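What follows is each chain in one-letter form.
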Amino acid sequence: MNGTNLLKIALRALANNKLRAFLTMLGIIIGVASVITMLAIGQGSKKSIQKQIAEMGSNMIMIHPGAEMRGGVRQDPSSMQTLKLDDYQTLLDETKYLSYVSPNVNNSGQFINGANNYPSSITGVNREYLDIRQLSVDQGEMFTEADILSSAKVCVVGKTIVDNLFPDGSDPIGKVIRFNKIPFRIVGVLKSKGYNSMGQDQDDVALAPYTTVMKRLLAVTYLQSIFASALSEDMTDNATEEITTLLRENHKLKATDEDDFTIRSQQELSTMLNSTTDLMTTLLACIAGISLVVGGIGIMNIMYVSVTERTREIGLRMSVGARGIDILSQFLIEAVLISITGGLIGVVFGIAASYIVKVVFAWPIYIQIYSVILSFAVCTVTGIFFGWYPAQKASNLDPIDAIRYE
């Protein structure tokens, strides 16, 4: 019996029990759709995180005072004052792997403009901070080097602060606002970046010369952190090693002494977050994959029923010359047809469900071709695996006993 005839017989058998065939496919449909949707959500989250990190500066390096905390032990306050302006100057003058370096000091408080006020913080930086954090000025201009040298009371603010302090839509450039009773003149407004993937408002920012924040607001001589940018993402590790060497020399640390500073890079953060999202994606796919196994068990169950119902038919076919391999192929083709058809419908449903999640819940999704191919291949293998045993049982029936079966 040739393959075409076997296919026709299998299609006729399925057509005679349309509802049962569809209900059998349902497990496969749900399984494939679930796997594609879960992988799309997981990969979408990963892509979103990578995009946000790239917008913040994928080669950004952050240097904080104090050794790395272990076991949640609080450090002595004096150890958190180890970064000085000399360290910033050293990195500015002597590094080969850094393109930009900026001091960083921060103070929280209340912005006031007439009857309007807004709680936020002001960050003291230099002009290179914009390049490090991938920020740009939309209106006005960035403060100058002369402003830094003179500790001028000027600032560049984000859209959120402008919206809260100037709700009437008036032009903020040149206006004087107060921060913790200190007047600041707005010289520029940053281009809006919106919220990042962690829900943080990237427009709730105010930048001023670091000298102004250190002298007029905090009255300190140390830095809270130093932000830098490697020449390229590939050079981040080299830059980190170079920074470590220079700061240890500056702080006169012995070979046996621990670092009194901590270095973190966006590359390190990106690797950690990617690892977490990959783990969550795998977990989601495994949970969704369980329904594929359930669908396969459904195929096996229905094929068993089909073999039992058609025992006499099997006996008649074998008595007129059908071989065991023909009977095996017939039932195996039925199982594979159910599986492949369910897989195709599942792929369509999975892609549709992914876009519904994107539209309704505003979650990022990313459908990869491999996830569609993988889930379709798995459902095909599932059909063969779970359809084999009932088909094998049918092919081993004795023709005489099969014809006599009631």
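Worth saying up front: this structure is predicted, and the values here are computed from it rather than measured. (Residues numbered from 1 in each chain as written. Predicted model: local features only at pLDDT ≥ 70, side-chain atom pairs only at ≥ 80, totals over all residues. Heavy atoms only, no water.)

K.L.:
Honestly, the UniProt feature "transmembrane region" (unreviewed entry) in the protein chain in this entry has me stumped. Any pointers?
P.N.:
Those residues carrying the UniProt feature "transmembrane region" (unreviewed entry) are residues 20–41, 282–307, 327–357 and 369–389 in this numbering. Strand forms 0% of residues 282–307 and helix 100%; the C-alpha atoms that close the span are 37 Å apart. (UniProt positions renumbered as here; feature names shortened; annotations may be inferred. Helix = DSSP H or I, 4+ residues; strand = E, 2+ residues; numbered from the N terminus.)

K.L.:
Honestly, the UniProt feature "domain: ABC3 transporter permease C-terminal" (unreviewed entry) in the protein chain in this entry has me stumped. Any pointers?
P.N.:
When the UniProt feature table is mapped to this numbering, "domain: ABC3 transporter permease C-terminal" (unreviewed entry) covers residues 286–399. Secondary structure content for residues 286–399 is 87% helix and 0% strand, while the C-alpha to C-alpha distance between its ends is 43 Å.

K.L.:
Got a minute to help me understand the layout of surface pockets in this structure?
P.N.:
Picture a little ball the size of a water molecule; that probe, rolled over the atoms, points out where space is still empty. The calculated volume of the second largest pocket comes to roughly 200 Å³. Forming the boundary of the second largest pocket are 17 residues, of which Ala13, Leu14, Asn17, Arg310 and Glu334 lie nearest the centre. Broken down by element, the lining of the second largest pocket gets its largest block of residues, four residues, from helix α1 (residues 3–15). Considering only residue class, the lining of the second largest pocket consists of seven nonpolar, four polar and six charged. (1 Å grid on protein atoms, 1.4 Å probe; cavity = no way out; pocket = protein on both sides within 12 Å on 5 of 7 lines; lining within 4 Å. Points joined across faces, edges and corners; volume = space filled by probe spheres on them. Nonpolar A, V, L, I, M, F, W, Y, C, P; charged D, E, K, R; others polar.)

K.L.:
Is there a simple way to explain the packing of aromatic side chains in this structure?
P.N.:
In this description, a pair of aromatic rings is defined by centroid distance and the angle of the planes. Applying the stated rule across the entire model yields four aromatic pairs. Looking at Lys47, its charged tip hangs above the ring of Tyr366, at a distance of 4.9 Å from the centre. (Phe/Tyr/Trp six-rings, centres within 6.5 Å; stacked < 30°, edge-to-face > 60°. Lys NZ or Arg CZ within 6 Å of the ring centre and 35° of its normal.)

K.L.:
Got a minute to help me understand the nonpolar core in this structure?
P.N.:
Side chains of nonpolar character tend, in soluble globular proteins, to be buried together. In this structure, Ile63, Ile122, Phe143 and Leu207 are the most contacted members of the largest nonpolar core, which totals 56 residues. It is strand β7 (residues 182–190) that provides the largest number of residues to this core, a total of five residues. Ignoring sequence-local partners within four residues, the contact set of Leu207 consists of Thr123, Val125, Tyr129, Leu130, Leu135, Met142, Phe143, Val154, Cys155, Val156 and Leu190. Membership of the second largest hydrophobic core comes to 31 residues, among which are Ala288, Leu328, Ala335 and Val372. (Core = buried A, V, L, I, M, F, W, Y, C linked by side-chain atoms within 4.5 Å. Buried < 20%, exposed > 50% of the residue type's maximum accessible area, 1.4 Å probe, protein only. Contact = heavy atoms within 4.5 Å.)

K.L.:
How should helix α3 (residues 85–94) be read in this particular structure?
P.N.:
Quick reminder: α-helices carry 3.6 residues per turn. Residues three or four places apart thus point the same way. Of all the positions in α3, only Asp87, Tyr88, Thr90 and Leu91 are classed as buried. Each buried residue of α3 sits inside an arc of 160° when the element is viewed along its axis, so together they form one side. Exposed side of α3, more than 90 degrees from the buried face: Asp86 and Asp93 are the residues found there. Of the surrounding secondary structure, the elements contacted by the buried residues of α3 are β1 (60–65), β2 (98–113), α7 (210–218), β9 (225–230) and α8 (236–250). (Arc of directions from axis to C-beta.)

K.L.:
Help me out: how do you make sense of the packing of helix α10 (residues 311–319) against helix α11 (residues 324–361) in this one?
P.N.:
The geometry of α10 relative to α11 is characterised by a closest axis approach of 10 Å and an angle of 140° between their N-to-C directions. Put simply, α10 runs oblique to α11. Considering only the axes of α10 and α11, their crossing is right-handed. Residue-level inspection shows Glu313, Ile314, Arg317 and Met318 of α10 in contact with α11, the latter providing Ile327, Gln330 and Phe331. (Axes fitted to C-alpha atoms, helices over the stretch in contact; angles between N-to-C directions. Parallel < 35°, antiparallel > 145°, perpendicular 65-115°, else oblique. Left-handed = near helix turned anticlockwise from the far one by under 90°.)

K.L.:
How should the environment of His64 be read in this particular structure?
P.N.:
By the secondary structure assignment, His64 is in strand β1. Separated by 71 residues in the primary sequence, His64 and Leu135 place their C-alpha atoms 21 Å from one another.

K.L.:
Would you mind showing me how to read the pattern of salt bridges here?
P.N.:
A side chain with one charge may pair with a side chain of the opposite charge, provided their charged atoms come close. Per the counting criterion, the structure on display carries two salt bridges. Its salt-bridge partner being Lys159, residue Asp163 comes within 2.9 Å of it at the nearest N-O pair. Of this pair, Asp163 and Lys159 both sit in helix α6 (residues 159–165), separated by four residues, roughly a single helical turn. A salt bridge links Asp259 to Arg248, with the shortest nitrogen-to-oxygen separation between them at 2.5 Å. Taken as a pair, Asp259 in the loop between α8 and β10 (261–265) and Arg248 in helix α8 lie far apart in primary sequence, eleven residues in all. (Salt bridge = Lys/Arg side-chain N within 4 Å of Asp/Glu carboxyl O.)

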